[in-house]
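This is what each chain is made of:
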Amino acid sequence: MNFEFTDEQQMLADTTGDLLGKNYTTEQRNAVIDTAPGWSAAVWKTLAQTGLLGLPFAEEDGGMDAGPVETMAVMTEIGRRLAPEPFLETVVLAGGLIADTASASQRQELLSDVAAGELVLAFAHAEPGGRWPHETVAATAVAEGADWVLRGTKNPVLHGDCADRLIVSAALPDGGVGLFLVNPADAAVRVTAYRTHDGLWGAQVELTGATATALGDPVDRRAAIEASQIRAQAALCAEAVGAMDEALRLTTDYLKTRKQFGVPLAKFQTLTQRAADMYVALELARSMSLYATMSLADGVADPVIASQAKLQVGRAARLIGQEAIQMHGGIGLTAEYPVGHYAARLTAIERTLGGADDHLRRLTEQVGDHTMVTVTG
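To keep things clear, this report deals only with the structure shown in the data block. Predicted model only: the values in this text are computed from it and were never measured. (Residues numbered from 1 in each chain as written. Predicted model: local features only at pLDDT ≥ 70, side-chain atom pairs only at ≥ 80, totals over all residues. Heavy atoms only, no water.)

### A word on empty space enclosed by the protein
Next up, step 1: Using the criterion set out here, one finds three cavities of 30 Å³ or more in the structure.
Next up, step 2: Empty space within the largest cavity amounts to approximately 120 Å³.
Next up, step 3: I78, A83, E85, E239 and R345 are the residues nearest the centre of the largest cavity, which is lined by 15 residues in total.
Next up, step 4: Contributions of two or more residues to the lining of the largest cavity are made by α4 (68-81) and α5 (87-101).
Next up, step 5: Across the lining of the largest cavity, the residue classes break down as eight nonpolar, two polar and five charged. (1 Å grid on protein atoms, 1.4 Å probe; cavity = no way out; pocket = protein on both sides within 12 Å on 5 of 7 lines; lining within 4 Å. Points joined across faces, edges and corners; volume = space filled by probe spheres on them. Helix = DSSP H or I, 4+ residues; strand = E, 2+ residues; numbered from the N terminus. Nonpolar A, V, L, I, M, F, W, Y, C, P; charged D, E, K, R; others polar.)

Here's what the structure looks like:
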């Protein structure tokens, strides 16, 4: 199996990195995330102009028909630059659901607008008090003529504060979970925005009789939701690898330049051993991220593989984020220095779409599915 990018994939990664690097120094990012909507409309438009917002969509829907490896390349650079744009929520999660479940007319209308940078989407699935994978949905959908009426509360909805349209999961009258398109400007939709741990934005969405349109046919979409989350988990793993890579670089550079007792910190054996542990954790996480992405590229959307990758990446993210802060000392906690922002984002990634404990629980539940290996002789 080839683990190296093709020339085109490397060019895609370089282009994404250059574009985001020019727009997101630490000072620029701090200024952007501190003002609504928490990301740059100009950068979003540039992403659209370079074709990145239509990357995974079919050509007839305005996209580039690229595969999971290309999405991984973009997400890694997003993580490396800490770009706050809603690429994951709009393109990977919500866009993936539309591509999988919507009617042909809905796909062409919605995805072409996403690819053009004219439509921001958010997936409203998690509910207060619930726990990933949120298999039980309390929100309800009732048919009224050609439309549907939705009631319930969704929280957290990442980037739900700025979404032009919401894709909402709700229990169907005859059982199962359907997907519905909701306009957040509806009078029966209340969106309460808040800052998340990593400085980005999320929202609680309350639906009190909101008018909605079914995404495709109003049938059970739990399988599509799981497949979309698997793709998003692989994308999050790639983002985390980019963030961990940069956090490690910042830390090793700091150890080489910061002096204590007249010598660089890199001369202290204990610190270099801890940096080596960070490197080992990063490479293990990179391997699992590649494994998850390659599986998707082979057409395998396996929740067990996604959980294996998310667990390994989550543990590495915790180690690298904490060690980066510790080895920088007090400066690592300041808003003016980037390493604290990387640690915060890695913490948020570890908790998004299931934390390490959640994925470990899923994996332990699968142990009985494996046969026992015995050695005779």
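Moving on from the coordinates now.
### Observations concerning the nonpolar core
Next up, step 1: The biggest cluster of nonpolar side chains holds 112 residues, and the ones touching the most others in it are L150, I167, F180, V182 and M244.
Next up, step 2: In terms of residues, this core owes the most to one element, helix α7 (residues 222-257), which gives 18 residues.
Next up, step 3: Here M244 is in contact with L282, A285, V313, A316, A317, I320 and L346, once residues within four sequence places are set aside. (Core = buried A, V, L, I, M, F, W, Y, C linked by side-chain atoms within 4.5 Å. Buried < 20%, exposed > 50% of the residue type's maximum accessible area, 1.4 Å probe, protein only. Contact = heavy atoms within 4.5 Å.)

### Topic: the environment of A146
Next up, step 1: Residue placement: A146 occurs in the loop between β2 (140-144) and β3 (147-158).
Next up, step 2: Along the chain, A146 and E60 lie 86 residues apart, while their C-alpha atoms are 27 Å from each other.

### Here's the deal with the packing of α4 against helix α8 (residues 269-297)
Next up, step 1: At their nearest, the axes of α4 and α8 sit 8 Å apart, and the two run at 145° to each other. Listed contacts from α8 to P68, V69 and M72 of α4 are S289, L290, T293, L296 and A297.
Next up, step 2: Residue composition of the contact of α4 with α8, grouped by class: six nonpolar, two polar and no charged. (Axes fitted to C-alpha atoms, helices over the stretch in contact; angles between N-to-C directions.)

### Points about the environment of A13
Next up, step 1: Here A13 is to be found in helix α1 (residues 7-23).
Next up, step 2: By relative accessible area, which is 5% here, A13 ends up buried.
Next up, step 3: It is 5.8 Å that separates the C-alpha atoms of A13 and V74, two residues lying 61 residues apart in sequence.

### Notes on unusual backbone geometry
Next up, step 1: Note that the residue after A36, namely P37, is joined by a cis bond; omega there is 5°.
Next up, step 2: Mapping P37 onto the fold places it in the loop between α2 (26-33) and α3 (41-49).
Next up, step 3: Here the bond from N155 into P156 is cis, since omega is 0°, no more than 30 degrees from zero.
Next up, step 4: Positionally, P156 belongs in strand β3.
Next up, step 5: Despite not being glycine, L82 has its phi angle at roughly 55°, a positive value.
Next up, step 6: Topologically, L82 is positioned in the loop between α4 and α5.
Next up, step 7: By relative accessible area, L82 is classed as buried at 7%.

### What to know about the packing of aromatic side chains
Next up, step 1: As enumerated under the stated definition, the model contains two aromatic pairs in all.
Next up, step 2: Judged by centre distance (5.5 Å) and plane angle (55°), the rings of W39 and W44 are tilted. Each of the two residues, W39 as well as W44, counts as buried.
Next up, step 3: Each ring, one from W148 and one from F180, has its centre 5.3 Å from the other, and the planes form 55°; the classification is tilted. In this pair, W148 sits in strand β3 while F180 sits in strand β5 (residues 177-182), placing the two residues 32 residues apart along the sequence. Summarising the burial analysis for this pair, W148 and F180 share the class buried. (Phe/Tyr/Trp six-rings, centres within 6.5 Å; stacked < 30°, edge-to-face > 60°.)

### Here's the deal with the environment of P86
Next up, step 1: Relative to the elements of secondary structure, P86 occurs in the loop between α4 and α5.
Next up, step 2: The class for P86 is buried, based on a relative accessible area of 0%.
Next up, step 3: Residues P86 and L158 lie 72 residues apart in sequence; the distance between their C-alpha atoms is 8.4 Å.
Next up, step 4: In contact with P86, other than residues within four places in its own chain, are W39, W44, V91, V120 and H159.

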